[in-house]
Amino acid sequence: MDIRETNLEFNSNMTKRSLSNIKRIILHNSGVTVLQTVETIHNYHKNTKGWAGIGYHFYVRKDGTIYEGRPVEYVGAHATNNNSNSIGVCFEGNFNEEVMNDVQKKAGQELVNYLKQTYSISTVQAHRDVNNTSCPGANFPFNEIANTVVVENPTAETKPVQTFTGDETIRNIQKTLNQRYNTGLVEDGYYGPKTKAGLVKGLQTELNNQFKKSLNVDGIFGTKTKETCINVRQGAKGNITYLIQAMLYCKGY
């Protein structure tokens, strides 16, 4: 599973929340059959609706690519009166009129299972369950996406619908981050928001320890963290070099 960063720019009118308050996932469809990039939805929510930016936390396209939307640590804008403790996931398409392809469905299954494990979530809902709407559509494969069991070592007793094992190198990166920086990551081999935050925490820790930068180790690559980054020379070795290489690998290099 590859969750792609977007670096979208948001207005300041977002509400931050504790990740421990996240209790459920709400599934949506974009409601149109034409292809729409995450930037298109972001611009519509930001410039037409007047919101801070895209209201969904994740966007799953028809080709199976998953994009970050609104950061998970901020309250979304996707389900009226149900945003404060939920993660909003939108699937590209109008599933009142079309049927989801297997690639998009698999990406949705992986993402939902990843979010369940990462944030200890047991409740997954359709938008129509909480608001007066047909979203995510009559043809949306809700049960397959919300209730597929994902295990790494299936047995005859479990018989999961699908099995995903993750990437061994990413699993080793997560293990290293846990050992060096006590990041508490699930070592599942998937690169998502928590692994990204763990890499940033490692960088912030090293900048503090090696260069006395006095950064808040919060896992957010904000302006201050960016400004305190150092140049790394060719042939360099050490923890900062490892973190750079790990991030590059996670991003597909």
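Before reading further, recall that the structure is shown in the block above.
This section reports on the structure supplied with the text. (Residues numbered from 1 in each chain as written. Predicted model: local features only at pLDDT ≥ 70, side-chain atom pairs only at ≥ 80, totals over all residues. Heavy atoms only, no water.)

Here's the deal with the sheet that holds strand 1 (residues 3-4)
And then number 1: Taken together, six strands build an open sheet; the order of strands is 1-4-3-5-2-6 and the sheet is mixed. Among the strands making up the open sheet, the edge pair consists of strand 1 and strand 6 (123-126).
And then number 2: Two strands pair when backbone bridges link them, and strand 2 (residues 24-29) and strand 6 are joined in this way by four bridges, in the parallel orientation. Each residue of the ladder has a partner; that of R24, found in strand 6, is T123. (Pairing = 2+ DSSP bridges. Helix = DSSP H or I, 4+ residues; strand = E, 2+ residues; numbered from the N terminus.)

Quick look at the packing of helix 6 (residues 193-211) against helix 8 (residues 239-250)
Each pair of packed helices can be described by the angle between their axes along with the distance between the axes.
And then number 1: Between helix 6 and helix 8, the least distance of the axes is 10 Å, while the angle of their chain directions is 160°. The angle between helix 6 and helix 8 places the two elements in the roughly antiparallel class. The interaxial crossing formed by helix 6 with helix 8 has left-handed handedness. For the pair helix 6 and helix 8, the contacting residues are K196, L199, G202, L203, E206, L207, Q210 and F211 in the first and N239, I240, L243, A246, M247 and C250 in the second. (Axes fitted to C-alpha atoms, helices over the stretch in contact; angles between N-to-C directions. Parallel < 35°, antiparallel > 145°, perpendicular 65-115°, else oblique. Left-handed = near helix turned anticlockwise from the far one by under 90°. Contact = heavy atoms within 4.5 Å.)

As for the pairing of strand 2
Residues in a regular strand project their side chains so that they alternate between the two faces of the sheet.
And then number 1: Of all six residues in strand 2, six are buried, a share of seventy percent or more.
And then number 2: Judged by which residues are buried, strand 2 turns out to be covered on both faces: R24, I26 and H28 on one side and I25, L27 and N29 on the other are all buried.
And then number 3: Relative to strand 5 (residues 86-91), strand 2 runs parallel, the two sharing six bridges. Counterpart to N29 in the pairing with strand 5 is F91. (Buried < 20%, exposed > 50% of the residue type's maximum accessible area, 1.4 Å probe, protein only.)

Looking at the pattern of salt bridges
Any two side chains of opposite charge can pair, so long as their charged atoms come close to each other.
And then number 1: Scanning the model with the defined rule gives eight salt bridges in all.
And then number 2: K196 serves as the salt-bridge partner of E68, at 3.8 Å between the closest nitrogen and oxygen. In this pair, E68 sits in strand 4 (residues 66-68) while K196 sits in helix 6, placing the two residues 128 residues apart along the sequence.
And then number 3: A relative accessible area of 14% means that E68 is categorised as buried.
And then number 4: With a relative accessible area of 22%, K196 lands in the partly exposed category.
And then number 5: Across the pair E168 and R171 runs a salt bridge, and its minimum N-O distance is 3.2 Å. Residue E168 and its partner R171 are both found in helix 5 (residues 168-181); the two are separated by three residues, about one turn of the helix. (Salt bridge = Lys/Arg side-chain N within 4 Å of Asp/Glu carboxyl O.)

So far we have only geometry, and geometry alone does not tell us how the molecule works.
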